[in-house]
Amino acid sequence: MPLLKGNIFESLANKVWNGKYADDVGIALIHLGAAGWVLSALAQILMLARNKDIDKKEKRFLIPQEIADGVINVGLYYSICQIIKNIGDYMSENIQYMTKKSSDFLNMMKPDSRSNLEFIKGFAETFRSNGISTVKKQRQNMSTFLNGTLNYLKGKNIPENFTMGQDFKAAFEKLANGRTLEQQIDLVEDVQRNFNAYKNGVGVIAAVGASILACNIITPIARNIMANYSQRRLMRRNARIAQNEKPALQTPVASKTYIQALRYPMPKSNTFSSFKI
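Just so it is clear, the model here is predicted, and its values are computed rather than measured.

Here is what the cut-offs are and how they apply
Residues numbered from 1 in each chain as written. Predicted model: local features only at pLDDT ≥ 70, side-chain atom pairs only at ≥ 80, totals over all residues. Heavy atoms only, no water. Helix = DSSP H or I, 4+ residues; strand = E, 2+ residues; numbered from the N terminus. Buried < 20%, exposed > 50% of the residue type's maximum accessible area, 1.4 Å probe, protein only. Contact = heavy atoms within 4.5 Å. Areas by Shrake-Rupley, 256 points an atom, 1.4 Å probe, with all protein chains shown as cover. Expected span 1.5 Å × (residues − 1). Core = buried A, V, L, I, M, F, W, Y, C linked by side-chain atoms within 4.5 Å. Salt bridge = Lys/Arg side-chain N within 4 Å of Asp/Glu carboxyl O. Patch = residues over 30% accessible without salt bridge, like charges linked within 9 Å, V, L, I, M, F, W, Y side chains within 5 Å. Axes fitted to C-alpha atoms, helices over the stretch in contact; angles between N-to-C directions. Parallel < 35°, antiparallel > 145°, perpendicular 65-115°, else oblique. Left-handed = near helix turned anticlockwise from the far one by under 90°. Nonpolar A, V, L, I, M, F, W, Y, C, P; charged D, E, K, R; others polar. pLDDT = per-residue confidence, 0-100. Phe/Tyr/Trp six-rings, centres within 6.5 Å; stacked < 30°, edge-to-face > 60°.

**Some points on the overall build of the protein**
Stage number 1. If you tally the helices and strands in the protein, you get 10 helices and 0 strands.
Stage number 2. In the protein, which comprises 277 residues, the share counted as buried stands at 31%.
Stage number 3. The contacts of the protein with a sequence gap of at least 6 include a subset with a gap of at least 24, amounting to 66%.
Stage number 4. If you sum the accessible surface of the protein, you get close to 18900 Å²; carbon and sulfur atoms cover 59% of it.

Written as structure tokens, this is what we have:
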């Protein structure tokens, strides 16, 4: 039975990894980092909720503040890491930087004097619009180009009404020059593996660099701003509570003798009553 459970867990882990993270380790690092921030925030909130030394009135103020702090931490971390990683992916997909193997392959296959970027963008759009490529994201030009080239060589996803343009024919003729179909497929798959490894490495570097930036510079500054704001709010709240709990000033109580004197005036002497000026 334990072996069965282990197999189920291993199968699930492999399915998750192969389905989403195998080709993009950078996004896996970002998601794991964000999960760490979430768990840290939950631990803080749970500690506040279960701490018996903290007054209930204070908890009603501190727990929402801790939730807001956690949202800021997770939101800033994920946003910064994702933005920087997207920039790295964009640069890789638009071959602003590429390996020698990718460069040699494009120069070999390119039929005219267009730049490498113009070449792959044109072919990627053709593969994308005709459904030959299975890459879904619009900006992944190099991935779309390589995926579409492989599918075309393998005869996959090619619509019946698809017609090859002159530049398309020239590019595949150059690819086929002196190579069998299997050799062409092996060559494209080798370039694709090389590009994916390069893009993965750029993604990992971008994710690690972004996490360092977020965790050590931007997020602490935002947390300090939030903490100062929360501290001022707490001080104002405590001041209001202290003001409301001050004992009211008591008016002095008149003496019993004085009250009786007001109720019952002292009798006047007849001497003064009969005296006239």
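**Brief notes about unusual backbone geometry**
Stage number 1. Here Ile 95, not a glycine, exhibits a phi torsion of approximately 45°, which is positive.
Stage number 2. Secondary-structure assignment places Ile 95 in the loop between helix 3 (56–93) and helix 4 (100–109).

**Here we look at helix 3**
Stage number 1. The terminal C-alpha atoms of helix 3, which comprises 38 residues, lie 54 Å apart, in line with the 56 Å expected from a rise of 1.5 Å per residue.
Stage number 2. Downstream of helix 3 by a residue or two, Ile 95 has a phi angle that is positive, lying close to 45°.

**A word on the nonpolar core**
Stage number 1. Ranked by internal contacts, the top residues of the largest apolar core, which has 24 residues, are Phe 105, Phe 145 and Phe 172.
Stage number 2. At the level of secondary structure, the elements contributing two or more residues to this core comprise helix 4, helix 5 (116–129), helix 6 (141–154), helix 7 (166–176) and helix 8 (181–244).
Stage number 3. Here this core gets 6 residues from one element, more than from any other, and that element is helix 6.
Stage number 4. Once residues lying within four places of it in the same chain are set aside, the contact partners of Phe 105 are Phe 145, Leu 146, Leu 175, Leu 187, Val 188 and Val 191.
Stage number 5. Judged by nonpolar contacts, the second largest core, of 13 residues, contains Ala 28, Ile 30, Tyr 77 and Cys 81.

**Remarks on the pattern of salt bridges**
Stage number 1. This model, assessed by the stated rule, comprises 9 salt bridges.
Stage number 2. A salt bridge links Asp 104 to Lys 100; the nearest nitrogen and oxygen atoms lie 2.8 Å apart. Placement of the pair is Asp 104 and Lys 100 together in helix 4, with a separation of 4 residues, close to one helical turn.
Stage number 3. A residue is classified by how much of its surface remains accessible, and Lys 100, at 62% relative accessible area, is exposed.
Stage number 4. The shortest N-O distance in the salt bridge between Arg 128 and Glu 125 comes to 3.2 Å. Of this pair, Arg 128 and Glu 125 both sit in helix 5, 3 residues apart, which is roughly one turn of the helix.
Stage number 5. Owing to a relative accessible area of 39%, Glu 125 belongs among the partly exposed residues under this scheme.

**As for a nonpolar patch on the surface**
Stage number 1. Together, Ile 217, Ile 218, Ile 221 and Ile 225 make up an exposed nonpolar region whose accessible area comes to about 350 Å².
Stage number 2. One can find Ile 225 in helix 8.
Stage number 3. A relative accessible area of 57% places Ile 225 in the exposed class.

**Some details on the packing of helix 5 against helix 6**
Stage number 1. Helix 6 packs onto helix 5 with a crossing angle of 60° between their chain directions and a minimal axis gap of 8 Å. Accordingly, the angle class assigned to the pair helix 5 and helix 6 is oblique. The interaxial crossing formed by helix 5 with helix 6 has left-handed handedness. Residues Phe 119, Ile 120, Lys 121, Phe 123, Ala 124, Phe 127 and Arg 128 of helix 5 form the contact with helix 6, whose own contacting residues are Asn 141, Met 142, Thr 144, Phe 145, Gly 148, Thr 149 and Tyr 152.
Stage number 2. Of the residues in the contact of helix 5 with helix 6, the class split is 8 nonpolar, 4 polar and 2 charged.

**Observations regarding the confidence of the model for the protein**
Stage number 1. Considering every residue of the protein, the mean pLDDT works out to 80; 79% of them sit at 70 or more.
Stage number 2. Helix 6 holds the highest mean pLDDT among the elements of the protein, 94, whereas helix 10 (residues 270–274) holds the lowest, 42.
Stage number 3. Confidence drops under a pLDDT of 50 for residues 254–277, and excluding neighbours within four residues, the segment shows 1 contact in the predicted structure.

**Section: the packing of aromatic side chains**
Stage number 1. Enumeration according to the criterion identifies 13 aromatic pairs in this entry.
Stage number 2. With a centroid separation of 5.5 Å and 70° between ring planes, the pair formed by Phe 127 and Phe 168 is classed as edge-to-face. Here Phe 168 lies in helix 7 and Phe 127 lies in helix 5, a separation of 41 residues in the sequence. Across the pair, Phe 168 and Phe 127 agree in class, each one buried.

**Some points on the environment of Ala 210**
Stage number 1. Take Ala 210: it is sitting in helix 8.
Stage number 2. Given a relative accessible area of 0%, Ala 210 falls into the buried group.
Stage number 3. In this structure the C-alpha to C-alpha distance between Ala 210 and Ser 79, which are 131 residues apart in sequence, comes to 9.6 Å.
Stage number 4. In this structure Ala 210 touches Ile 80, Cys 81 and Ile 84, once residues within four positions along its chain are discounted.

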